[in-house]
Amino acid sequence: MSDSAGAILTVDLGAVRRNYRAVCAAFSGAEVAGVVKANAYGLGIAAVAPALAREGCATFFVATAAEAFELRRLLPAVGIHVFDGVQPGEEADFAAQRIVPVLNSLQQIELWRAHARARGRALAADLHLDTGMARLGLDRDEQRRLLAHPDELTGIDLDAILSHLAVAEDPANPMNEDQRAAFADVAPGWPSRRLSLANSSGVFLGEAFHFDLARVGVALYGANPTPGLPSPIAQVIKLQGRILQVRSVDAARSVGYGATHRVSRPSRIATVALGYADGYPLAMSNLGTAFLDSHEIPVVGRVSMDLTTVDVTDLPEGLAAPGRLVDFIGENNTIDAVAGRAKTIPYTILTGLGRRLQRIYLED
Ligand SMILES: *Cc1c(COP(=O)(O)O)cnc(C)c1O
């Protein structure tokens, strides 16, 4: 670990692998696919996807074609599926690289069918049915039209029929059962190999939500898929910043932009090289806490682009010193706790982790 890095993101790939195993153990269907869109939720697809593959993950989902091509260079043999489907001009590269589009509309089905015909061979695809998310996928009318004209699927080798849950992290919400029932009603009517409904939280809604294939992202990266209950998942990331300076501030001063924190007693303030450009939320201004060893210290003043100030007045003398690393996310401050306090969701904390962070990957 370089002493010159201002801020460090440590990604525990062993924990990612253990989380994959934990989800597999909780899942009664045939296979758990790893969702590695958005650069593996900000953690780095080049490290995360091969680690998952080493753990036995053989099917991956990404959002875009560019992500699929990048993943194909990393993992020549795995199954790669693309949530956004295939766009005009991408068909040949998809087929050549054995990338499976999720077909979300009648237009995408027509495009893929035409390409299969041009190639003279069947091409694999998933089909997305909308059961309530109203974002992607065929609605009920389109499903009926397509089922009435099965020739429109000629040359398309249907792998998974999938749908996506809108409120899976809230088990008490009746919309889960509405979507499950709608999916169970229509999905088996298609000539596909397998059915897929559950995301991370969907796996923990119980076996009725499992079907054959789970598509799991955020739980692999350490977020609790069962909010409000003890997490079945291990923490994956540690976000740390290095103390640049410790200063004494007397009672007449304020700290940082906007002068939002007024010291009410003679204080010592440590300035840490970690800011919102690194992904530490602005919303943690005057609200977050950090840890130096086992000591909890409050964030005071506004989080700025490159710097965050913490109040170290109550720490033992000499503990807070330039060069020391302060933990902002980790075992003490979980990704869920930080997201909750910042009034956001763990997904935005993960995908917002900055480019400038020094990234360290731990394998077990
Ligand atoms: C992102 C995504 C997932 C993964 O969701 P998590 O909550 O991160 O497990 C699954 N399915 C679809 C359609 C997605 O867009």
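Within every chain, residues take consecutive numbers counted from 1 along the sequence as written. The model is predicted, so local features are restricted to residues of pLDDT at least 70 and side-chain atom pairs to those at 80 or more, both for listing and for counting; the totals for chains, interfaces and linings are taken over all residues. The basis for every side-chain value is the complete set of non-hydrogen atoms in the structure, without hydrogens or water.

1. Overview of the sheet that holds strand β2 (residues 31–35)
Here is the rule: Two strands qualify as a pair provided that DSSP identifies no fewer than 2 bridges between them. Segments assigned H or I by DSSP are reported as helices when at least four residues long, segments assigned E as strands when at least two residues long, and all are numbered from the N terminus. Axes here mean lines fitted to C-alpha atoms, for a helix over just the part in contact, with angles spanning 0 to 180 degrees between N-to-C directions.
Reading across the sheet, the eight strands line up as β8-β7-β6-β5-β4-β3-β2-β9 and stay open at both edges, with parallel pairing between neighbours. At either margin of the open sheet sits one strand with a lone partner, and together these are β8 (194–196) and β9 (213–216). The sheet shows a mean angle of 30° between the axes of neighbouring strands, taken without regard to direction. Judged from the three bridges that link them, strand β7 (residues 156–162) and β8 form a sheet pairing that is parallel. Paired with I161 across the strands is L195, a residue of β8.

2. Some words on the site of the ligand
Here is the rule: Summary of the distance rule: residues count as near a molecule or strand when at least one heavy atom falls within 4 Å of that molecule or strand. Here a polar contact is taken to be a pair of N or O atoms separated by no more than 3.5 Å, where protein atoms must pair a possible hydrogen donor with a possible acceptor and residues adjacent in sequence count only if both atoms sit in side chains. Each accessible area value is a Shrake-Rupley result obtained with a 1.4 Å probe; residue values ignore everything except the protein chains displayed when judging cover. Amino acids are sorted into nonpolar (Ala, Val, Leu, Ile, Met, Phe, Trp, Tyr, Cys and Pro), charged (Asp, Glu, Lys and Arg) and polar (every other residue, Gly among them).
Around the ligand sit 13 residues in total, of which K37, Y41, S200, V218 and Y347 are the nearest. At 2.8 Å, a backbone N or O of V218 approaches an oxygen atom of the ligand. Contacts to the ligand include Y347, whose side-chain N or O atom sits 2.6 Å from an oxygen atom. Here the ligand has 390 Å² of accessible area as a free molecule, and 94% of this is covered by the chains. Going through the elements one at a time, α2 (37–41) and β9 are the ones with two or more residues in the shell around the ligand. Per-class residue counts for the shell around the ligand are six nonpolar, four polar and three charged.

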